[in-house]
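# Coordinate analysis (summary)
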Amino acid sequence: MAKIAQRLPENVGDDFYVDSTCIDCDACRQIAPTIFRDHGDQSSVYHQPESEEETRLALSALVACPTGSIGTTRKHDARIGIDAFPTLVSENVYFCGYTSESSFGAWSYLIVRPDREGGNLLIDSPRFSRPLVKKIKMMGGARSMFLTHRDDIADHAAFNREFRAQRIMHAADGAARYGMERVIEGDEAVRLDDELVAIPVAGHTRGHMVLLYRNKFLFTGDHLAWSPVRQTLTAFRSACWYSWPEQTRSMEKLLSYDFEWVLPGHGRIHQDTVAGMRSHLLGCIRWMKTVA
Ligand code: SF4
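Quick caveat: nothing in here was measured; it's all calculated off a predicted structure. (Residues numbered from 1 in each chain as written. Predicted model: local features only at pLDDT ≥ 70, side-chain atom pairs only at ≥ 80, totals over all residues. Heavy atoms only, no water.)

### Observations regarding helix H2 (residues 52-64)
Think of an α-helix as turning once every 3.6 residues; residues three or four places apart then point the same way. Spelled out, the test is: For helices the rule is a DSSP run of H or I covering at least 4 residues; for strands it is a run of E covering at least 2, with both sets numbered from the N terminus onward. An expected span of 1.5 Å times one less than the residue number is assigned to each helix. Accessibility here uses a 1.4 Å probe with only protein chains present; expressed as a share of the type maximum, an area under 20% marks a residue as buried, one over 50% as exposed, and anything in between as partly exposed.
A rise of 1.5 Å per residue sets the reference length of H2, with its 13 residues, at 18 Å; its end C-alpha atoms lie 18 Å apart and thus fit the reference within 8%. Taken residue by residue, H2 has Glu 54, Thr 55, Ala 58, Leu 59, Ser 60, Ala 61, Val 63 and Ala 64 as its buried positions.

### A closer look at the pairing of strand E15 (residues 217-221)
The condition is simple: DSSP bridges decide pairing: two strands pair if at least two such bridges lie between them.
Counting buried positions along E15 gives five out of five residues, so the element sits mostly inside the fold. Alternating positions in E15 separate into two faces, Phe 217, Phe 219 and Gly 221 on one and Leu 218 and Thr 220 on the other, with burial throughout. Sheet topology places strand E14 (residues 209-213) next to E15; three bridges connect them, and they run antiparallel. Bridge pairing in E15 places Leu 211 opposite Phe 219. Counting the residues in the hairpin turn of E14 and E15 gives three residues, including Arg 214, whose phi is positive at 55°.

### Thoughts on the pattern of salt bridges
Let me state the cut-off plainly: Definition used for salt bridges: Asp or Glu carboxyl oxygen within 4 Å of a side-chain nitrogen of Lys or Arg.
Within the structure shown, the criterion is met by 19 salt bridges. A salt bridge links Arg 79 to Asp 83, with the shortest nitrogen-to-oxygen separation between them at 3.2 Å. A residue is classified by how much of its surface remains accessible, and Arg 79, at 44% relative accessible area, is partly exposed. Classification of Asp 83 as partly exposed rests on a relative accessible area of 42%. The partner of Asp 115 in a salt bridge is Arg 143, with the nearest N and O atoms 3.4 Å apart. Taken together, the residues span a long stretch of sequence, with Asp 115 in the loop between strand E7 (109-111) and strand E8 (121-123) and Arg 143 in the loop between helix H4 (130-138) and strand E9 (144-146) at a distance of 28 residues.

### Side note on the sheet that holds strand E10 (residues 166-170)
The condition is simple: Lines fitted to C-alpha atoms define the axes, with helix axes restricted to the stretch in contact, and inter-axis angles between N-to-C directions lie between 0 and 180 degrees. Any pair of residues with heavy atoms lying within 4.5 Å of one another is described as a contacting pair.
Taken in spatial order, the seven strands make up an open sheet running E5-E6-E7-E8-E9-E10-E11, and their pairing is mixed. Strand pairing shows two members of the sheet lacking a second neighbour, strand E5 (87-90) and strand E11 (182-184), which therefore form its edges. Taking each pair of neighbouring strands and ignoring which way they run, the sheet shows an average axis angle of 25°. Across three bridges, E8 lies against E9 in parallel orientation. Counted as the bridge partner of Leu 122 is Met 145 from E9. With respect to the sheet, helix H5 (residues 156-163) is in contact with E8, E9 and E10, its orientation differing from that of E10 by roughly 150°.

### Re empty space enclosed by the protein
Put simply, the rule is: Buriedness for pockets is judged along seven lines, at least five of which must meet protein on both sides within 12 Å for an open set on the 1 Å grid over protein atoms alone, while cavities are sets there where a 1.4 Å probe fits but cannot get out, and lining residues have an atom within 4 Å of a point. Grid points are joined across faces, edges and corners, and a volume is the space filled by probe spheres set on the points. Residues are grouped as follows: Ala, Val, Leu, Ile, Met, Phe, Trp, Tyr, Cys and Pro are nonpolar; Asp, Glu, Lys and Arg are charged; all remaining types, including Gly, are polar.
Counting across every chain of the model gives one cavity of 30 Å³ or more. Approximately 90 Å³ is the volume attributed to the largest cavity. Considering the residues around the largest cavity, the lining is formed by 15 residues, among which Cys 22, Cys 25, Cys 28, Cys 65 and Ile 70 are closest to the centre. Among the residues making up the lining of the largest cavity, the classes are represented as ten nonpolar, three polar and two charged.

### A short note on the pairing of strand E18 (residues 261-264)
Where burial is concerned, the two faces of E18 agree: the one with Trp 261 and Leu 263 and the one with Val 262 and Pro 264 are both buried. Relative to strand E19 (residues 270-271), E18 runs antiparallel, the two being bridged by two bridges. Each residue of the ladder has a partner; that of Trp 261, found in E19, is Gln 271. Hairpin connection between E18 and E19: a loop of five residues separates the two successive antiparallel strands, and Gly 267 in this loop has a positive phi of roughly 90°.

Structure follows, in structure tokens:
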């Protein structure tokens, strides 16, 4: 819960505010860009909601915030923010909201599918929060859980207990140590079912993987994301824990696949044509080769 005594002085207006516990994860700025801004190393409110929609988005950001750093001085219907998640991204792909501090506010996603098509799948772990768990249950539960890499596993064990979800992770990121039910090994892509391909992309971590769904949606963890500043696809040099040359090589692997969506853990979501995405990916690889 945000504390008014810790309200950051950069906040504008007298209702919604961010307090000093903000870890600058960017979630609120993505969810409600007309309300929250980056004023340096943290976020603050630069514009108070003026419409129902802006209020809904601000309350959604409050619920999604991993550190409970967003507060209000006026009374609002909390259900508005709670009911916002999972939020539809496109078709049957949802953003879970409820980010976790232990994964630094990384975004997680839910694919909703009938059991005959493999059932629902969580990609990376949201915070284990009862309202979210109830909503996921109403949407069919989670039959499996794909964990892109060790940083974003958050409450995987609690989701596994709740839904008996089969967890899938790469051996090189400690899958056995974390008790994963399915361990992917090696560098080769693994077809998980008719619609899902797990692609090992070492770099950010040694055992990082991305997940391709229907040759359309690429869930990229911390491997690849859209940069709103550079307006192209990018990778995070300063947050590359294993090997930048490996990450560059892994990025080239993705040229073999078609996709129209990049859905990252950190960084921004992007949609484009297959050709447009390929062009951005080529640019990203060229740029990565210029960075030491
Ligand atoms: S979501 Fe919370 S932690 Fe993340 S930037 Fe906003 S206020 Fe800070």
